[in-house]
Structure formats: C-alpha cells, structure tokens
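Analysis of the macromolecular model
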Amino acid sequence: MSKDTIGTVMITEQQINDRAAEIARQIEEDFNGEPIVLVGILRGAVLWMADIMKNTNLEMTIDFMAVSSYGSGKKSSGIVKINKDLDTDIEGKNVIIVEDIVDSGTTLNYLKGYFESREAKIVKICTLLDKPSGRRVDIDVDYIGFTVDDRFIIGYGLDYDQKYRNLPYISFLED
C-alpha cells in the first residue's frame, strides 16, 4: 500500500470498554474466586489485556509471550515461532491467553497445546476480535469481544507495519 486509507469506525472505544467489563464478569463467574494467569500475546493484545485486567476482580498474575505466524505479508505462514516465552510457571494454574484477533487460529491452537503440555490446570482463550472467515484450524475461543468481517483490521493494538496501534477504536484499511 502506498498511501493507507483508514475506513470508518467499526467499534468504538466505549463499546470495547463495555465489552471488556462484561467478559471480566464472565471470567469471574467461570473461575469462581480461583486465581488466574493472564498471558498477553505481544504486541497487539496489550490494550485489550489492560481492559480485561482492570475489570477483573480475581487474584491474578500476568505474563507476556511474543509469537509470530505471519510472514512478510498480511497472511499467516502457518508456522508458529516463539520469540519470547513465559517467565511464569503455569503448571497447575488457570491460564487465559489474551489475544488481539483470532484469524487463522494457527497460533492459538499451537499455544493452547503448548500450555497444556506444560500442565496448566485450565487454558482458555480471550480475544478482542474474532474473524471466523479466516479459520484454517478449528479452535474454541472462550471469550470473544466482537466478531468482524474479513478485512485488514487496525486500531486498539492492531497494526499494519507497526502503524495504527494507538487508535482508540477498531477500524480497517481500505483496499
């Protein structure tokens, strides 16, 4: 893209905040007072994870992973690479993977299996956005902020070439 054109606002900051509070209540109900470990997938999930954290009234630990399954373009390569692993021991713990968007499902499917092999008690997935039309792998997502169409989504942590992460809403790049 030579000049990026941002589309209309798809999801406002207020809608995101409201949905984070709803999901936090569901997490509290699901874990019934048990501690959780939130694992944010860098870099896109940072804002969404902060919203989930500040709305969830459970004892929690946080950690981050950097993983990639995208090659040089906009499509997933299908190969997952761990660039930064956890610093936290998750054995016997309730883990919630916090992601910005579930597209192909490849990365989250890999991570869920990886955490289960490290003997996490429970592994759940929380995503800001779900793009089911991009699925290559059947993956259950436990907490979904919003479902989006097959567009290149930007804003609220999601980027294109490291730009647009700071938009306080969800939009898309025009073709």
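An account of the accompanying structure is given in this report.

Calculation rules
- Residues numbered from 1 in each chain as written.
- Predicted model: local features only at pLDDT ≥ 70, side-chain atom pairs only at ≥ 80, totals over all residues.
- Heavy atoms only, no water.
- Buried < 20%, exposed > 50% of the residue type's maximum accessible area, 1.4 Å probe, protein only.
- Helix = DSSP H or I, 4+ residues; strand = E, 2+ residues; numbered from the N terminus.
- Pairing = 2+ DSSP bridges.
- Arc of directions from axis to C-beta.
- Phe/Tyr/Trp six-rings, centres within 6.5 Å; stacked < 30°, edge-to-face > 60°.
- Lys NZ or Arg CZ within 6 Å of the ring centre and 35° of its normal.

Focus on the pairing of strand β1 (residues 36-42)
- With respect to burial, β1 is a largely interior element, six of its seven residues being buried.
- In the sheet, β1 pairs with strand β4 (residues 94-102) via four bridges, with the strands oriented parallel. Along β4, the bridge assignment pairs V39 with I97.

Here's the deal with helix α2 (residues 46-55)
- Buried within α2 are the following residues: W48, M49, D51 and I52. Each buried residue of α2 sits inside an arc of 160° when the element is viewed along its axis, so together they form one side.

Quick notes on the packing of aromatic side chains
- Throughout the structure, instances matching the rule amount to three aromatic pairs.
- Here Y110 and Y114 contribute two aromatic rings whose centre-to-centre distance is 6.1 Å and whose plane-to-plane angle is 10°, an arrangement assigned as stacked. Taken together, the positions of Y110 and Y114, both in helix α3 (residues 106-117) and four residues apart, correspond to about one turn of that helix.
- Taking the relative accessible area as the measure of exposure, Y110 reaches 37% and is therefore partly exposed.
- The interplanar angle of 45° and the centroid separation of 6.0 Å between the aromatic rings of Y114 and F115 together place this pair among those described as tilted. In terms of burial, Y114 and F115 fall into one category: buried.
- Through a chain of ring-to-ring contacts, the aromatic side chains of Y110, Y114 and F115 assemble into a single cluster.
- When the ring centre of F172 is taken as reference, the NZ or CZ atom of R151 above it lies at 3.9 Å.

No statement about biological role is implied by the geometric values presented.
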